[in-house]
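Each chain is listed here by its residues.
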Amino acid sequence: METTEMEFTALVKKHKSTIYTVCMMFAEGDEVEDLVQETLINLWKGFAKFEGRSDAKTWIWRVAMNTCISQDRKQKMHKNSTSSLDALGLVGKDCQDETDDHQIKMLHDRIHQLGVFDRAIVLLWLENLSYDEIGNIVGISAKNVSVRLVRIREQLKKLK
Amino acid sequence: METNNLNTNLELEEMRAQFAILQQRLDQQVHINEQQLRKAVTTGIGQMKTRDRAAVAVCFFGWIAIALYVYMMNYSLLFQIFVNLFMCINFVSSVIMKLHVNDFNTNEMASSNLLRTSQELLRYKRFNQKYLLFVSIPFIIAFIPWFCYEEMVKIDGSTTQDFMMLLIPALIGAAIGATIGLYKFYFPSVRQATDMLEKIEELQKA
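What counts, and at which threshold
- Going along each chain's sequence as written, the residues are numbered from 1 onward.
- For naming, the first written chain is A and the first written ligand is 1, with later ones following in the order written.
- In view of the model being predicted, local features appear only for residues whose pLDDT reaches at least 70, and side-chain atom pairs are presented and counted only at 80 or more, with totals across whole chains, interfaces and linings using the full set of residues.
- Computation of side-chain values: all heavy atoms of the structure, hydrogens and water removed.
- What makes two residues a contact is simply this: any of their non-hydrogen atoms within 4.5 Å.
- Put simply, buried area is the surface a 1.4 Å probe can reach on two separate parts but cannot reach once they are joined, added for both.
- Any carboxyl oxygen of Asp or Glu within 4 Å of a side-chain nitrogen of Lys or Arg constitutes a salt bridge here.
- In protein, a polar contact means a hydrogen-donor-capable atom and an acceptor-capable atom, both N or O and within 3.5 Å, with residues adjacent in sequence counting only if both atoms are side-chain atoms; elsewhere, any N or O pair within 3.5 Å suffices.
- Helix numbers and strand numbers start at the N terminus; a helix is a DSSP run of H or I with at least 4 residues, a strand a run of E with at least 2.
- Charged means Asp, Glu, Lys or Arg here, nonpolar means Ala, Val, Leu, Ile, Met, Phe, Trp, Tyr, Cys or Pro, and polar covers whatever is left, Gly included.
- When a residue's accessible area, from a 1.4 Å probe over protein chains only, is under 20% of the maximum for its type it is buried; when over 50% it is exposed; and in between it is partly exposed.
- Starting at the helix axis, one direction is taken to each C-beta atom, and the arc is that of these directions.

Quick rundown of the interface of chain A and chain B? Include the residues and the values.
Each side of the interface is counted separately: chain A has 83 residues, and chain B has 64 residues. Taken together, the two surfaces of chain A and chain B that pack against each other cover about 6,900 Å², and 60% of this comes from carbon and sulfur. Our count for the contact surface shared by chain A and chain B stands at 5 salt bridges. Our count for the contact surface shared by chain A and chain B stands at 21 residue pairs in polar contact (both at pLDDT 80 or more). Mapped onto the side of chain A that touches chain B, the elements with two or more residues apiece are α1 (3-14), α2 (16-26), α3 (31-50), α4 (56-74), α6 (95-112), α7 (116-126), α8 (131-138) and α9 (142-159) of chain A. Among the elements that make up the side of chain A that touches chain B, the one with the highest residue count is α4(A) (12 residues). Across the side of chain A that touches chain B, the residue classes break down as 40 nonpolar, 20 polar and 23 charged.

So what's going on with the pattern of salt bridges? Residues and values would help.
Within the structure shown, the criterion is met by 12 salt bridges over all chains. The salt bridge partner of Glu5(A) is Arg38(B), with a shortest N-O separation of 3.7 Å. On the criterion of chain membership, the pair formed by Glu5(A) in helix α1 and Arg38(B) in helix α2 (residues 34-41) is interchain, its members lying in two chains. The partner of Lys57(A) in a salt bridge is Glu127(A), with the nearest N and O atoms 2.8 Å apart. With Lys57(A) in helix α4 and Glu127(A) in the loop between α7 and α8, this residue pair connects regions lying 70 residues apart in the sequence. The exposure class of Lys57(A) is partly exposed, given its relative accessible area of 27%. On the basis of relative accessibility, which here comes to 13%, the residue Glu127(A) falls in the buried class.

Residues and numbers for α2(B), please.
Buried within α2(B) we find Gln36(B), Leu37(B), Ala40(B) and Val41(B). Seen end-on, α2(B) carries its buried residues on one side only, within an arc spanning 125 degrees. Buried positions along α2(B) lie against α1, α2 and α3 of chain A.

In structure tokens:
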């Protein structure tokens, strides 16, 4: 394996949870793995240009979200009956795991009720990125991010 | 730099806790397998996806087959030119659009923001819609009667009634096909594009 491939593999393995989180929040069930594969391809295609010029995590968020947002529309009409946790073999075995599964499902359901841009904004906020960084990834101003977050909060309250 | 100031919000804070659980679970249990990584690194930069290559191949071989058919059936030269011209436009636009999308995916996906990606994809969708409305449908409208006429002149002693007997079933078939196509593909595509446009506008306005 070449050095570049080894570096890429190490980077992907380090940030696998970021990749899976984004894909789980933009897809359902069996589609998650397909989306992960698509994201990996786009990450590899952009890896040569990346060269550590920006923060790796932010770059991965950007690529993963761009991939998901472009796939979302193609598969929007397709409903999948399998849950993402089942599809990834992540269903818990003991009592604590069951509680966690419920929490993850709640997060999944809440996020899936938001539009694609709001979904992206809230995920980046949950990742603790600053408003400037969120705005940069989404393509809006930091002020706009704070306005959107207030609206998302209102929306989430209504969904309860 | 502005900082996050929504910490007092219950829903979002609860989601943050749930997010941490998810991240922990993924860190512990998910493994990116070697096969997935190999597949990613063996995908060449700028390489077209299999389904895009298949679409281009269908357009190309479809063109060859139809060109041969209209030639062998000895239809009029004008009709042959008309059919070949459409197939040529179809093939060229298919290649250009696939390359354009592929090029965007290769070059911009890693640096572009979500808004720009969405606008680019929306432009692609709109192009396909316009192509259908202004190229494909007018072609079909002209093709069916012309094809029936070409068939009719090949039959000795044919009458207007023969022409109508050929034309009416062809028109009924085309109408059924068009209705299914419009409801199954065109209208959902327009709805999705409109929906995305509204979301983009809303995001920019906020």
